[in-house]
Amino acid sequence: GSTEYRSEALIISTGASARMLGLPSEERLLGHGVSTCATCDGFFFREKDIAVVGGGDSAIEEALFLTKFANEVTVIHRRDELRASKIMQDRAFANPKIAFKWNSVVTDVGGDGTVDVVRLRDTLTDDASELDVGGLFVAIGHDPNTKLFDGQVDLDENGYVVLPHPGSTATSVQGVFAAGDVADHVFRQAVTAAGTGCMAA
C-alpha cells in the first residue's frame, strides 16, 4: 500500500512457498488429496495408496514419513536416478512400501472432489499411463517469498535472505533481521521458524 511506517528494527518472516506442478487440476484438488506437506496431512491418507512427486531429500523424506500411514507410496521422478543423498536413497530402496516410477512426469490429477488417479507421461517414450492413488504429495522444492526485498537486502542465487554472520538472524542491512523459511533452505518448517523468530526478536 501507500502507507509509510517507521521503525527501529524490522524482522522479515515472509516464509517460503512450495513449488507446484502448475496444473489446473492440481490447483483444483489442493487440500482435497493434493498436498505439499506430509507431516501436516499424512494422517488423512491412512491405508491409501499415495504418490509423491520429486527426487530430492525432501521428496524421499516425505515418502518415508508417509509409509507410516499409506499402503504403498510411489515416488514419481522425471529422471532415472534420485538427487537425494545416498543415506536417504538407501532407506527408500530398503522400504518395502515404497515403489518408483522413473522417467515420469505428472500431466494431470484426476478425481471428482478428491484425488483418485494421477496421469503420467514417460519422458523417454512419451507413453501415457495412469496411477490409481488416493493422494498426491508435491515435493519439488520451495521458493522463498522475498521478491519484496530484492535489491534491499542481500539474497542468494535462490532468493533466500543471506545471513552474513553464522548463528545470527541479522541481514546485510543494520536493524533488519530474518527468521524462518525465508532464510533457511535446509531445516525449514515450524521448529526453525519458532527458534529463529525468537532469536530475531
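Whatever comes next refers back to the structure up there.
The following refers to the structure shown.

Some points on the overall build of the chain
Part 1: Counting secondary structure elements, the chain contains five helices and 12 strands.
Part 2: Taken over the C-alpha atoms alone, the chain extends approximately 55 × 40 × 35 Å along its principal axes.
Part 3: Evaluated residue by residue, the chain yields a buried proportion of 40% over its 201 residues.
Part 4: Here the chain displays about 11600 Å² of accessible surface, and carbon together with sulfur accounts for 50% of that area.

Some points on the sheet that holds strand β8 (residues 117-122)
Part 1: Taken together, the three strands give an open sheet; going across it, the order is β7-β8-β9, and neighbouring strands pair in antiparallel fashion. Either end of the sheet is taken by a strand with one partner, and the two such strands are β7 (104-110) and β9 (128-131). Each strand of the sheet is rotated relative to its neighbour by a mean of 30°, with strand direction disregarded.
Part 2: In terms of strand pairing, β7 meets β8 through six bridges, oriented antiparallel. If you follow V106 over to β8, its bridge partner there is L120.

Topic: the environment of Q89
Part 1: Topologically, Q89 is positioned in helix α4 (residues 86-94).
Part 2: A relative accessible area of 18% places Q89 in the buried class.
Part 3: Taking C-alpha positions, Q89 is 30 Å from N145, a pair spaced 56 residues apart along the chain.
Part 4: Look past the residues within four positions of Q89 in its chain and what remains in contact with it is L82 and A84.
Part 5: Reaching out from Q89, the side chain makes a polar contact with the backbone oxygen of A84 at a distance of 2.7 Å.

Remarks on the sheet that holds strand β5 (residues 72-76)
Part 1: With respect to topology, five strands assemble into an open sheet ordered β3-β10-β4-β5-β6, the strand pairing being parallel. Looking at which strands have only one partner, the edges of the open sheet turn out to be β3 (34-35) and β6 (98-101).
Part 2: Sheet topology places β3 next to strand β10 (residues 135-138); two bridges connect them, and they run parallel. Bridge pairing links S35 to F137 in β10.
Part 3: Strands β4 (49-53), β5, β6 and β10 of the sheet are contacted by helix α3 (residues 57-66), whose axis makes an angle of about 170° with β4.

Definitions and cut-offs
- Residues numbered from 1 in each chain as written.
- Predicted model: local features only at pLDDT ≥ 70, side-chain atom pairs only at ≥ 80, totals over all residues.
- Heavy atoms only, no water.
- Helix = DSSP H or I, 4+ residues; strand = E, 2+ residues; numbered from the N terminus.
- Buried < 20%, exposed > 50% of the residue type's maximum accessible area, 1.4 Å probe, protein only.
- Areas by Shrake-Rupley, 256 points an atom, 1.4 Å probe, with all protein chains shown as cover.
- Pairing = 2+ DSSP bridges.
- Axes fitted to C-alpha atoms, helices over the stretch in contact; angles between N-to-C directions.
- Contact = heavy atoms within 4.5 Å.
- Polar contact = N/O pair within 3.5 Å; in protein donor to acceptor, adjacent residues only side chain to side chain.

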